[in-house]
Amino acid sequence: MATALQFRQALRVGPPGDIWHKPALSAVATLGVLNLTLLALGRLDLALYTSAGGLGALYGHGLPYRARARTLAGVLLGTVLSTAAALTAAALTRDAVVLVAVAAGLAALHKLGCDAARIGPPGSLIITFTSASCAFVPQRPADLPPHLALTALGAALAWLVGMAPALLRPYGPERIATARALEAAARLARSAPGTPDAAARTALVGAVDAARQSLALSSPARWRALGDAPERLLVHAESALAAPAGPAAESTTESAAESAAAAAERYTAWARDLRRGRPLPLLDLTEAEAAELRAHRPGPRPSLRQALCPGSALLPIGLRVAVGCAAAGWLSLAFGVGRPYWAVVTAASVFQANSTLSWHRALQRVLGNLIGLAVFTAVLPLAHSGQPAMIGLGLLCQFGAEATIARSYWLATVFVTPMALLMTEFAGLQPARTLVADRWLDTCVGALTGLAACLLVTNRRTATRLSRALTGAETATREARVAAADAAVGSEAAAVRSGLATALLELREAADAATGEWRRPALPHQRTADAEQHAHHLLAALLERRGARP
């Protein structure tokens, strides 16, 4: 049963994201150009098709530009193919039951593909929203080529807008990733002496790993511009993990605390320089650090095939999406709602990595939609004053959604709801009472059906994944213990430590996913905590030896 604490956790508003303005401005620029062009041509009714491709401008902003070009191309190609499937279904049949099944099947494919490829925010929901909307727009076979051409045009513009910042800051993403690692090191250094902060330590391990992955994906030309200065900064950020992680931390002296505070200030200053594009310092390294820096390679990421292999914990989530979205759409039809795709999209938005997160998302979606409907009703007179005003309000809502999504999903939904309703009116004004009633009913139906699907389709594979992650972490710990005993250096030490860090991150991710599942076997919580503690101890020991100066 939900407690007051769980409600507060679900509705908590966090700090803003550090790059929230990048997707916000990219989406506004792309959709603004597309919508204003259609307005000038007198064909704003075609905005759905251009927006399907244009919303791709929201993706890939954390990636180096070399990797972003490929990722954006893949996402946008998937968007065009999904839109083609939805429009083809709409052209072949008007049977709403069949169209709901098509939309639900596409939603499941989007979820599996985006999660397996680790696409990142905004995930599969944007593609599901546009394809489900297109599935319920009446089509003729002759309309398909021009409508798909508009989607491809919007996708091409989104790709150009997403890549445009490379002209000004070609290595901005790598700088930001390195800055995040330094900021995580500063947070760990500032943690209370004598109080081992496992969460902060794991966050630093993850931030350093993400930064190294970012640098590995960077263009080879980055070496000519920045050299190995970012890698040297990461070596120093990682050294914060060398502080005691357990009972030994209790003996921290006042001078050590002052040293940690000075280190935190140093990390913060370096991170500030990185974010502001200033020249990077070329920091000194010990002989062991330099040897590992030359030999270090980031740990491999699981391939798409590995992520979707039989037994994957993602497959039950895909089944949940298919079942929940189909049931939500069909139930919406049974209630006589004219836009069942809203229920499909709501159900798709509910499904997260586990049942607890899905329950949080359902609560956030319902609250955000309720407030968003009030906002839509308030701005309706202005929206109906003319199409330019409607476009302006839609872009303002798009910007607001991206500005708040990192802080809280329900807060972002307050902006998403009026934006979706305004997009519906681009093709022609709709009765406000009907729009609001349909949206609210579809929201409730989609949220409740999504939660029911979480109960119906169990995901016991999260426990299996945790068991495998535990075995992997314990194996990596044994190898690290041997390396520490043998005083390994260079490539051997770097490989062992990289494997230990990767296993530690997988263990924490698997434990979080399994703990939040409603129906699953008993979990080895104590064994997990012990494995994490041992891994942190060994990381600290290996890094302390690496950083020791003669």
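Residues numbered from 1 in each chain as written. Predicted model: local features only at pLDDT ≥ 70, side-chain atom pairs only at ≥ 80, totals over all residues. Heavy atoms only, no water.

> Sorry, what's going on with the packing of helix 9 (residues 198–216) against helix 11 (residues 229–238) here?
Across the interface, helix 9 lies against helix 11 with an axial gap of 10 Å and an inter-helix angle of 170°. As judged from the angle between their axes, helix 9 and helix 11 are roughly antiparallel. Contacts from Leu204, Val208, Ala211, Arg212 and Leu215 of helix 9 reach helix 11 at Pro230, Glu231, Leu234, Val235, Ala237 and Glu238. Considered class by class, the residues forming the contact of helix 9 with helix 11 number eight nonpolar, no polar and three charged. (Axes fitted to C-alpha atoms, helices over the stretch in contact; angles between N-to-C directions. Helix = DSSP H or I, 4+ residues; strand = E, 2+ residues; numbered from the N terminus. Parallel < 35°, antiparallel > 145°, perpendicular 65-115°, else oblique. Contact = heavy atoms within 4.5 Å. Nonpolar A, V, L, I, M, F, W, Y, C, P; charged D, E, K, R; others polar.)

> What should I look at first to understand a nonpolar patch on the surface in this one?
A surface patch of nonpolar side chains, about 270 Å² in accessible area, is lined by Leu319, Val323 and Leu456. Structurally, Leu456 can be placed in helix 20 (residues 432–456). Under the relative-accessibility criterion, Leu456 is labelled exposed at 63%. (Patch = residues over 30% accessible without salt bridge, like charges linked within 9 Å, V, L, I, M, F, W, Y side chains within 5 Å. Areas by Shrake-Rupley, 256 points an atom, 1.4 Å probe, with all protein chains shown as cover. Salt bridge = Lys/Arg side-chain N within 4 Å of Asp/Glu carboxyl O. Buried < 20%, exposed > 50% of the residue type's maximum accessible area, 1.4 Å probe, protein only.)

> For this particular structure, what's the right way to read the nonpolar core?
The tendency in soluble globular proteins is for nonpolar side chains to be buried side by side. One finds Tyr59, Cys325 and Phe426 to be the most contacted residues of the largest nonpolar core, which totals 65 residues. If one sorts the elements of this core by residue count, helix 5 (residues 96–116) sits on top with eight residues. Each residue touching Cys325, except ones within four places of it in the same chain, is listed here: Val100, Ala104, Ala107, Arg320, Val344, Ala347 and Ala348. If you look at the next biggest cluster of nonpolar residues, it comprises 59 residues, including Ala189, Ala221, Leu234 and Ala476. (Core = buried A, V, L, I, M, F, W, Y, C linked by side-chain atoms within 4.5 Å.)

> Any chance you could explain the confidence of the model for the chain here in plain terms?
Low pLDDT marks stretches whose predicted atomic positions should not be read closely. When pLDDT is averaged along the chain, the result is 88; 92% of the residues meet or exceed 70. Per-element mean pLDDT across the chain ranges from 70 in helix 14 (residues 304–307) up to 97 in helix 7 (residues 144–163). (pLDDT = per-residue confidence, 0-100.)

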